[in-house]
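# Structure at a glance
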Amino acid sequence: MIVVDQVTKQFKDKKQVVKAIDYLSLTVKKGHVVGLIGENGAGKTTLLRMLCTLIEPDEGNITLDGENIFENKEKVRSRLGVLFGSETGLYNRLTARENLEYFGTLYGMSSHDIKNQIEMLAKRFGMRKYLDRKVEGFSKGMRQKVAIARTLIHNPDIVLFDEPTTGLDITSSNIFREFIYQYKSEGKTIVFSTHIMDEIAQLCEDVIMMHKGQIVYEGSLEDLYAQENNRDLNYLFTSKVVRGDLYV
Ligand SMILES: Nc1ncnc2c1ncn2[C@@H]1O[C@H](COP(=O)(O)OP(=O)(O)O)[C@@H](O)[C@H]1O
Ligand SMILES: [Mg+2]
């Protein structure tokens with residue numbers, strides 16, 4: 001379980017101070033798929049960057065299973081798979097397999113484990129045919145599959161994705177959705193941000209709605225639908241943000 005407790009994060013942008021995260025608290029339950037939504041600038045990326053220990057909060061705490069994530073970053077990172085938007089982090093000159101091997105090595109995996117894991121991921125994502133081709137000629141969908149496989153090479157139990165389907169075509173988005181279904185069935189925890197309400201409605205049991213660095217709603221989708229007596233997530237999000245229905 002991830003617990004974010006009263007976290008703030010400010011950035012100094014020229015002379016202005018931007019409150020990216022404003023006393024934000026939330027819980028991500030083990031084995032849940034959590035969708036993160038909010039307008040541009042709401043603080044989604046900043047939150048995800050903190051969850052994966054890339055940046056530290058100014059105030060507040062973040063714990064993973066009761067331990068402060070910044071006290072043992074290496075341990076936390078070994079449990080996390082992270083993918084930020086379209087930054088696939090792949091090396092064009094290497095083949096898909098070589099890319100996966102490289103990232104496996106970074107995680108200190110044995111060559112035996114890397115081999116097995118690549119085999120499993122290639123099968124899962126239908127990548128066998130192009131595993132030994134250089135990434136530079138790959139379509140966006142092929143790249144995205146390799147990028148997702150890369151985030152999973154060390155078999156993390158928590159995966160964080162920042163806008164994984166933004167800019168992808170339907171086929172590639174579907175690949176991502178399929179992956180979520182599969183990973184969820186293995187009891188993994190997944191947090192991803194998106195602009196697409198349908199992705200949340202279809203894939204998530206929990207939703208985090210953010211607005212100006214604060215939480216607008218955090219919790220079960222079904223509870224939200226029941227509270228508002230409405231199942232239209234687009235409407236619910238807009239009305240919460242417009243009504244300023246914030247609880248902090
Ligand atoms: N490195 C940074 N330097 C200055 N301002 C930043 C930085 N990162 C984020 N911000 C600001 O923090 C706010 C939240 O940004 P971000 O987390 O990227 O939002 P989102 O991902 O929801 O679009 C925005 O106002 C953004 O301009
Ligand atoms: Mg963002």
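Residues numbered from 1 in each chain as written. Chains lettered and ligands numbered in written order. Predicted model: local features only at pLDDT ≥ 70, side-chain atom pairs only at ≥ 80, totals over all residues. Heavy atoms only, no water.

## Describing the side chain of Arg 177
For Arg 177, the position within the fold is in helix 6 (residues 170-185). Judged by its relative accessible area of 17%, Arg 177 falls in the buried class. Leaving out residues up to four positions away in the same chain, Arg 177 has contacts with Ile 196, Glu 199, Gln 202 and Leu 203. (Helix = DSSP H or I, 4+ residues; strand = E, 2+ residues; numbered from the N terminus. Buried < 20%, exposed > 50% of the residue type's maximum accessible area, 1.4 Å probe, protein only. Contact = heavy atoms within 4.5 Å.)

## Details of the site of ligand 1
Close to ligand 1 lie Phe 11, Val 18, Ala 20, Glu 39, Asn 40, Gly 41, Ala 42, Gly 43, Lys 44, Thr 45 and Thr 46, which account for all nearby residues. Between ligand 1 and Gly 41 there is a distance of 2.7 Å, counted from an oxygen atom to a backbone nitrogen or oxygen. Between ligand 1 and the protein, one listed contact pairs an oxygen atom with a side-chain N or O atom of Lys 44 at 2.8 Å. Compared with its free state, where it exposes 560 Å², ligand 1 has 66% of that area covered by protein. For the shell around ligand 1, the secondary-structure elements that each account for two or more residues are strand 2 (16-28) and helix 1 (44-51). The residue inventory of the shell around ligand 1, partitioned by class, reads 4 nonpolar, 5 polar and 2 charged. (Near = heavy atom within 4 Å. Polar contact = N/O pair within 3.5 Å; in protein donor to acceptor, adjacent residues only side chain to side chain. Areas by Shrake-Rupley, 256 points an atom, 1.4 Å probe, with all protein chains shown as cover. Nonpolar A, V, L, I, M, F, W, Y, C, P; charged D, E, K, R; others polar.)

## Describing the layout of surface pockets
Quantified by volume, the largest pocket comes out at close to 450 Å³. As for the largest pocket, its lining consists of 14 residues, and the residues nearest its centre are Cys 52, Arg 77, Leu 80, Val 82 and Tyr 107. Per-element tally for the lining of the largest pocket: the top contributor is strand 6 (residues 80-84), with 4 residues. Here the residues of the lining of the largest pocket sort into 8 nonpolar, 3 polar and 3 charged. (1 Å grid on protein atoms, 1.4 Å probe; cavity = no way out; pocket = protein on both sides within 12 Å on 5 of 7 lines; lining within 4 Å. Points joined across faces, edges and corners; volume = space filled by probe spheres on them.)

## Digging into the confidence of the model for the protein chain
Close reading of the predicted structure is inappropriate where its pLDDT is low. When pLDDT is averaged across the protein chain, the result is 92; 98% of the residues are at 70 or more. In the model of the protein chain, helix 6 stands out as the element of lowest mean pLDDT, 85, in contrast to strand 4 (residues 59-64), which has the highest, 98. (pLDDT = per-residue confidence, 0-100.)

## Digging into the packing of helix 3 (residues 96-106) against helix 5 (residues 140-152)
Two elements in contact, helix 3 and helix 5, have axes separated by 9 Å at closest approach and are oriented at 25°. Compared by their axis directions, helix 3 and helix 5 come out roughly parallel. The two elements helix 3 and helix 5 cross, and the hand of that crossing is right-handed. Here Ala 96, Leu 100 and Phe 103 of helix 3 lie close against helix 5, whose contacting residues are Val 146, Ala 149 and Arg 150. Here the contact of helix 3 with helix 5 is composed, by residue class, of 5 nonpolar, no polar and 1 charged. (Axes fitted to C-alpha atoms, helices over the stretch in contact; angles between N-to-C directions. Parallel < 35°, antiparallel > 145°, perpendicular 65-115°, else oblique. Left-handed = near helix turned anticlockwise from the far one by under 90°.)

## A closer look at the packing of aromatic side chains
Applying the stated criterion to the full structure yields 10 aromatic pairs. Ring geometry for Tyr 102 versus Phe 103: centroids 5.2 Å apart, planes at 75°, classification edge-to-face. Relative accessible area serves as the criterion here: at 35%, Tyr 102 is assigned to the partly exposed category. On the basis of an interplanar angle of 35° and a centroid distance of 5.1 Å, the ring pair of Phe 179 and Tyr 183 is categorised as tilted. In this pair, Phe 179 and Tyr 183 are both assigned in helix 6, 4 residues apart and thus about one turn of the helix distant. On the basis of relative accessible area, Phe 179 is assigned to the buried category, the value being 1%. On the accessibility criterion, Tyr 183 (2% relative accessible area) is buried. Three or more aromatic residues joined by ring pairs form one cluster here, namely Phe 125, Phe 161, Phe 176, Phe 179, Tyr 183 and Phe 192. (Phe/Tyr/Trp six-rings, centres within 6.5 Å; stacked < 30°, edge-to-face > 60°.)

## Section: the pairing of strand 4
Here is the key point about a regular strand: its side chains alternate between the two faces of the sheet. Where strand 1 (residues 2-13) and strand 4 come together, 5 bridges link them in antiparallel fashion. From the neighbouring strand, Val 3 faces strand 4, where its bridge partner is Thr 63. Across 2 bridges, strand 4 lies against strand 5 (residues 67-68) in antiparallel orientation. Among the inter-strand pairings, Leu 64 is bridged to a residue of strand 5, identified as Glu 67. The turn joining strand 4 and strand 5, which pair antiparallel and follow one another in sequence, is formed by 2 residues; a positive phi near 50° is taken by Asp 65. (Pairing = 2+ DSSP bridges.)

## Examining the sheet that holds strand 4
Ordered by their spatial adjacency, 4 strands build an open sheet running 2-1-4-5, and the pairing between neighbours is antiparallel. Of all the strands in the sheet, just strand 2 and strand 5 have a single pairing partner and so form its edges.

## Regarding the nonpolar core
The biggest cluster of nonpolar side chains holds 49 residues, and the ones touching the most others in it are Phe 125, Phe 179, Phe 192 and Met 209. Looking at which element gives the most residues to this core, the answer is helix 5, with 6 residues. Apart from the residues lying within four places of it in its own chain, the contact partners of Met 209 are Ile 37, Gln 214, Ile 215, Val 216, Tyr 217, Leu 224, Leu 233, Phe 237 and Lys 240. Val 4, Leu 48, Leu 64 and Met 210 belong to the second-largest nonpolar core, a separate cluster that totals 30 residues. (Core = buried A, V, L, I, M, F, W, Y, C linked by side-chain atoms within 4.5 Å.)

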